[in-house]
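Coordinate inspection notes
Next come the chains, spelled out residue by residue.
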Amino acid sequence: MAATPALDSLTVGDEVASVRHLVTRDSLVRYAGASGDFNPIHYRDDVAEFVGLPGVLAHGMLTMGIASQAVVDWVGDPARVVDYQVRFTRPVVVDRQDGATLDVTAKVAVIEADAGRARIDIVASVDGKTVLGKAQAWVSLI
Amino acid sequence: MTGPSEVNKGEPGGAARASPGLSRASSVRRMKRVPVNPAIQGRSYPPVDAYLVGREKVREFARAVFATNPIHFEVEAARAAGHADVVAPPTFPVVVQEATLAQLLGDEDAGIDFGRVVHGDQRFEYSRPVVAGDELTAHLTVTSVKSLGGNSMITASTVIDDATGEHVVTATSTLVVRGED
């Protein structure tokens, strides 16, 4: 387990994580089961096509969940993530063969020394296009 | 589409019915659509049945979001970090929130055509982490209803408390209800 980063060791702009994940149809089925979100646009090509989508989509909440792991792994303890928000800006199409490759980077955006916390901004992208907006996690480093 | 994520509509059997385009297709035959009722701003719904956070559920959810931190999986690691049991991932409260969103979407007076709903934003604001063994209650309040470019944007906050009534986390969703095509 990673040691907790010291707040005074951080500088705004520091990149704290850069990871790549392969999201497959298996990932979507697993998330559907774990979350209880069984909307078939997340696993059935015929339904996705019928409703006019470009393909089967990852659950937005799955993308949000995966993106948070970059911060969790860096900060060492998931309990230190005290506030986490995203905007869903672009659907993630998951190809039945190739899945989708999700790139996640995270940088220090704001440091509040008195409050003992920092805001980490996350960029999540597929094929170079961002899929989340305003993805921000506040971490407590007291 | 405004956003990629379909809001979970509750019962799995209702999922197909709840798909956006399926509803859009049927709406072609509908003469009138009831708009979102602006009077739901400020409305609260009664708490849903308490949710008992299971250790295996935490592990299952953690695996599903590609988590690897041992504090999600190993009781000893969680306790060594000062937690009573395994800690749920940051987005886990969506599982608890979901039943409250189902109340809102199922409220006929709200007038939300949930086939036209897409998930716009999501936020989790914690007072303390969710750990296995927590018995959580959740109640939703509609904090804002806005019209924007023919769409309605509904912001709903679900306050999640523990068995002692202490605040654990607030899960806030903004739902975008698309207007006429």
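To keep things clear, this report deals only with the structure shown in the data block. (Residues numbered from 1 in each chain as written. Chains lettered and ligands numbered in written order. Predicted model: local features only at pLDDT ≥ 70, side-chain atom pairs only at ≥ 80, totals over all residues. Heavy atoms only, no water.)

Digging into the overall build of chain B
Defined as follows: Each helix corresponds to a stretch of at least 4 residues labelled H or I by DSSP, and each strand to a stretch of at least 2 residues labelled E; elements are numbered beginning at the N terminus. Exposure categories follow from relative accessible area, calculated using a 1.4 Å probe and restricted to protein chains: below 20% of the type maximum is buried, above 50% is exposed, and the middle band is partly exposed. Each accessible area is a Shrake-Rupley result for a 1.4 Å probe, and residues are judged covered by the shown protein chains and nothing else.
Looking only at helices and strands, one finds five helices and five strands in chain B. Going residue by residue from the N terminus, the α and β elements of chain B occur as α-α-β-α-α-α-β-β-β-β. Put simply, chain B has 181 residues, and 57% of those count as buried. For chain B, the exposed area adds up to about 7,700 Å²; of that, 53% sits on carbon and sulfur atoms.

A closer look at the packing of aromatic side chains
Residue and element names in this part refer to chain B. Operational definition: Centres within 6.5 Å make a pair out of two Phe, Tyr or Trp rings, where for Trp the six-membered ring is used; the pair is then stacked when the planes are under 30 degrees apart, edge-to-face when over 60, and tilted otherwise.
With the rule as written, the count across this model stands at three aromatic pairs over all chains. Pairing Tyr-51 with Phe-92 gives two aromatic rings, centres 6.2 Å apart and planes at 70°, and the pair type is edge-to-face. Of this pair, Tyr-51 sits in strand β1 (residues 51–52) while Phe-92 sits in the loop between α4 (75–80) and α5 (94–105), placing them 41 residues apart in sequence. In this structure Tyr-51 comes out as partly exposed when scored by relative accessible area, which is 21%. Ring geometry for Phe-61 and Phe-92: centres 5.3 Å apart, planes at 85°, overall edge-to-face. Remark: Phe-92 occurs in the loop between α4 and α5 and Phe-61 occurs in helix α3 (residues 55–64); sequence separation between them is 31 residues.

With respect to α5(B)
Residue and element names in this part refer to chain B. The cut-off we apply is this: To estimate the expected span of a helix, subtract one from its residue number and multiply by 1.5 Å.
Its 12 residues place the ends of α5 15 Å apart at the C-alpha level, agreeing with the 16 Å of an ideal helix rising 1.5 Å per residue. Burial analysis of α5 places nine of its 12 residues in the buried class, the great majority of the element. Every buried residue belonging to α5 is among Val-94, Val-95, Val-96, Gln-97, Glu-98, Thr-100, Leu-101, Leu-104 and Leu-105, and all of these are buried.

Topic: the environment of B:Ala163
With respect to the helices, strands and loops of the structure, B:Ala163 is situated in the loop between β4 (151–161) and β5 (167–177). Along the primary structure B:Ala163 and B:Thr137 are separated by 26 residues, whereas in three dimensions their C-alpha atoms are 7.3 Å apart.

Structural notes on the nonpolar core
To keep it simple, the criterion reads: Working definition of a nonpolar core: buried Ala, Val, Leu, Ile, Met, Phe, Trp, Tyr and Cys residues. They are joined through side-chain atoms within 4.5 Å. Any pair of residues with heavy atoms lying within 4.5 Å of one another is described as a contacting pair.
Formed by 74 residues in total, the largest nonpolar core has its most connected members in A:Ile120, A:Val139 and B:Val130. When sequence neighbours within four positions are dropped, the list of residues in contact with A:Val139 reads A:Val71, A:Trp74, A:Val75, A:Arg80, A:Val81, A:Gly116, A:Arg117, A:Ala118 and A:Ile120.

Observations concerning the pairing of strand β4 (residues 117–126) of chain A
Residue and element names in this part refer to chain A. So the rule is basically this: One requirement defines pairing of two strands: DSSP has to find at least two bridges between them.
Burial runs high along β4: seven of the 10 residues are buried. Of the pairings in the sheet, the one linking strand β3 (residues 100–112) to β4 comprises 10 bridges and is antiparallel in character. Across the sheet, the residue bridging to Val-110 is Arg-119, located in β4. Two successive antiparallel strands, β3 and β4, enclose a turn made up of four residues, where Gly-116 displays a positive phi of approximately 70°. By the bridge criterion, five bridges tie β4 to strand β6 (residues 132–140) in an arrangement that is antiparallel. Among the inter-strand pairings, Ala-118 is bridged to a residue of β6, identified as Val-139. Taken together, the two bridges between β4 and strand β5 (residues 129–130) define a ladder with antiparallel strand orientation. From the neighbouring strand, Val-126 faces β5, where its bridge partner is Lys-129. Taken together, β4 and the strand that follows it, β5, pair antiparallel across an intervening segment of two residues, in which Asp-127 is found at a positive phi of about 55°.

Things to note about the pattern of salt bridges
Rules: Criterion for a salt bridge: a side-chain nitrogen of Lys or Arg within 4 Å of a carboxyl oxygen of Asp or Glu.
Enumeration over the complete set of coordinates arrives at 15 salt bridges over all chains. Note that A:Arg25 and A:Asp45 form a salt bridge whose closest N and O atoms lie 2.9 Å from each other. On the criterion of sequence distance, the pair formed by A:Arg25 in helix α1 (residues 25–35) and A:Asp45 in helix α2 (residues 45–50) is long-range, its members being 20 residues apart. A salt bridge links B:Lys57 to B:Glu60; its shortest N-O distance comes to 3.2 Å. With B:Lys57 and B:Glu60 both in helix α3 and three residues apart, the pair spans about one turn of that helix. You can call B:Lys57 partly exposed: its relative accessible area is 22%.

Topic: the pairing of β6(A)
All names here are of chain A. Within β6, seven of the nine residues are buried, which leaves the element mostly enclosed by the surrounding structure. Pairing geometry for strand β2 (residues 81–88) and β6, over six bridges, is antiparallel. From the neighbouring strand, Asp-83 faces β6, where its bridge partner is Trp-138.

Digging into the interface of chain A and chain B
Our working definition: Buried area adds together the accessible area that both of two parts lose upon being put together, with accessible area traced by a 1.4 Å probe. Nitrogen and oxygen atoms within 3.5 Å of one another constitute a polar contact, given that in protein one can donate a hydrogen and the other can accept it, and given that sequence-neighbouring residues count only through two side-chain atoms.
Opposite the 50 residues of chain A that make contact, chain B presents 47 residues. Summed over the three residues of chain A that lose the most area to chain B, namely A:Ala34, A:Met61 and A:Phe88, the buried surface amounts to 15% of that side. Across the contact surface, chain A and chain B share two salt bridges. Its salt-bridge partner being A:Arg87, residue B:Asp121 comes within 2.9 Å of it at the nearest N-O pair. The tally of links from chain A across to chain B stands at nine residue pairs in polar contact (both at pLDDT 80 or more).

This is a description of form; function is not addressed.
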